[in-house]
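Analysis of the macromolecular model
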Amino acid sequence: MMPSASRRRVLAALPLLAACALGGRAVSVRAADIEPIRIGVCGPFTGGSSPMGISMREGIRIAASQINAAGGLLGRPIQLVERDDEARNERGAQIAQELIQREGIVAALGIVNTGVALASQRHYQLARIPMITSVATGTLITRQFLPPEFADNYIFRVSANDSLQAQVIVDEAVDRRGLKRLAIFHDATNYGVLGSEGLIEALRQRKISPVAVERFQLRQADMTAPLQRARDAGAEAVLTYGIGPELAQIANTLARLNWRVPIIGSWTLAMSNFIDNAGPNAEGARMPQTFIPDPTTPARQTFLDAWQRATGTQRIPVPPAAAQGYDSALLLAAAIRQADSLEGDRIRAALEDLREPVRGVIMTYARPYSRDQHETLTSPHQIHVGEVRNGQVVFAYEADRQRAMWP
């Protein structure tokens with residue numbers, strides 16, 4: 001049997017060979033005869049983080065479907081190889097190895113949880129396979145593989161990193177609301193711990209120290225004691241870094257204590273399992289958002305329509321995760337077209353020097369990456385503030401909505 005790599009090269013060349021054999025005249029080659037381009041997709045599709053993972057996966061699927069409908073990439077269809085990492089670090093690392101060694105992927109998209117990213121992306125880096133992180137926000141994610149230890153960095157991102165989010169959160173609490181006595185509540189994961197450190201640093205830059213820093217466990221149901229300590233310390237607001245179910249416990253406990261202070265936290269306050277589990281107690285919570293499902297541009301309207309057709313519902317469990325998944329797939333596709341190759345080195349180089357703008361739903365990406373910069377979002381001014389109103393996330397400020405009308 002022909003080795004896999006050789007077989008792929010021959011199959012990829014079939015259209016050209018057929019055209020040459022017939023004097024350059026175009027001929028059709030059955031899709032079944034063309035081996036697809038395999039792209040790995042990893043995320044939590046079960047468990048507490050699943051609203052983010054499922055939203056991201058559906059966004060990637062919508063983009064892949066549109067790309068395939070337009071003829072695929074390099075004359076070949078995209079095939080997504082999807083795996084559920086269950087938000088477990090060790091599972092994510094195992095999946096990365098399987099996708100590389102067994103599935104023959106040329107690139108990867110996804111990853112929701114910071115811990116999973118930090119545990120798994122080394123395998124993509126060492127295999128020289130580009131990985132665009134669609135959702136995970138840990139600031140370290142794109143900085144693990146920098147010179148001089150590594151000549152090239154294969155890890156890219158489209159989500160807003162925690163350093164940027166911390167600035168937006170603190171700006172909302174301190175600069176816009178004038179609050180100075182702030183309590184930080186974070187979960188015990190890498191995401192929560194690193195996020196809380198970002199908040200502490202952003203406050204330090206304003207010469208403010210938190211009056212309380214409380215750490216809670218995943219699936220922790222009782223938040224009474226830590227919230228009472230924060231209230232006793234005179235906190236004027238609760239700043240959060242955690243995942244939806246535990247954040248709902250914070251909101252519900254605040255209501256039971258009849259302690260009416262604002263909740264301002266990371267983008268996960270937009271998760272459906274926060275809004276649904278907290279119900280009316282979620283109202284007014286504010287958070288950084290890269291995407292709010294408001295059809296402010298034709299591209300966003302098209303995406304929202306595609307979501308409804310694909311899922312049968314208008315509601316997106318976690319809109320930023322869906323949009324970031326969609327945009328990450330478009331950026332990867334643009335790099336593959338420009339590289340005119342499935343070689344990891346050439347795809348990475350193309351990502352670092354994308355010549356044609358890519359019209360996504362978060363923004364139109366004009367040279368979003370460079371050799372030294374693997375983040376699409378580099379300023380807190382690129383991020384909107386969302387607010388839970390009537391059970392959905394909307395723009396907290398009309399100025400943000402007006403700004404979002406520019407693609």
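In what follows, the structure referred to is the one given above.
Cut-offs used in this document
Residues numbered from 1 in each chain as written. Predicted model: local features only at pLDDT ≥ 70, side-chain atom pairs only at ≥ 80, totals over all residues. Heavy atoms only, no water. Helix = DSSP H or I, 4+ residues; strand = E, 2+ residues; numbered from the N terminus. Buried < 20%, exposed > 50% of the residue type's maximum accessible area, 1.4 Å probe, protein only. Polar contact = N/O pair within 3.5 Å; in protein donor to acceptor, adjacent residues only side chain to side chain. Phe/Tyr/Trp six-rings, centres within 6.5 Å; stacked < 30°, edge-to-face > 60°. Lys NZ or Arg CZ within 6 Å of the ring centre and 35° of its normal. Pairing = 2+ DSSP bridges. Axes fitted to C-alpha atoms, helices over the stretch in contact; angles between N-to-C directions. Contact = heavy atoms within 4.5 Å.

Topologically, Tyr241 is positioned in strand 8 (residues 237-241). Given the relative accessible area of 0%, Tyr241 is considered buried. Sequence separation of Tyr241 and Asp162 is 79 residues, and the distance between their C-alpha atoms is 9.6 Å. Of note is the side chain of Tyr241, whose polar atom sits 2.9 Å from the side chain of Asp162.

Within the structure shown, the criterion is met by 5 aromatic pairs. Seen from their ring centres, Phe291 and Phe303 are 5.9 Å apart, and the 85° between their planes marks the pair as edge-to-face. Within this pair, whereas Phe291 is found in the loop between strand 10 (286-289) and helix 10 (298-311), its partner Phe303 is found in helix 10, the two being separated by 12 residues in sequence. Taken individually, Phe291 and Phe303 each receive the classification buried, so the pair is uniform in this respect. Among the aromatic residues, ring-to-ring pairing joins Phe291, Phe303 and Tyr326 into one connected group. Geometry around Tyr397 places Arg176 over its ring, the cationic atom sitting 3.9 Å from the centre.

Right, let's get into the sheet that holds strand 2 (residues 78-84). Picture the strands of a sheet paired through backbone hydrogen bonds; they go either parallel or antiparallel. The strand order 2-1-3-4-5 describes an open sheet built from 5 strands, whose pairing is parallel. For this open sheet the edge positions go to strand 2 and strand 5 (155-157), each flanked by a neighbour on one side alone. Direction aside, the axes of adjacent strands within the sheet are offset by 25° on average. The strands touched by helix 2 (residues 50-69) are strand 1 (37-43), strand 2 and strand 3 (107-110); relative to strand 2, the strand with the most contacts, the crossing angle is about 170°.

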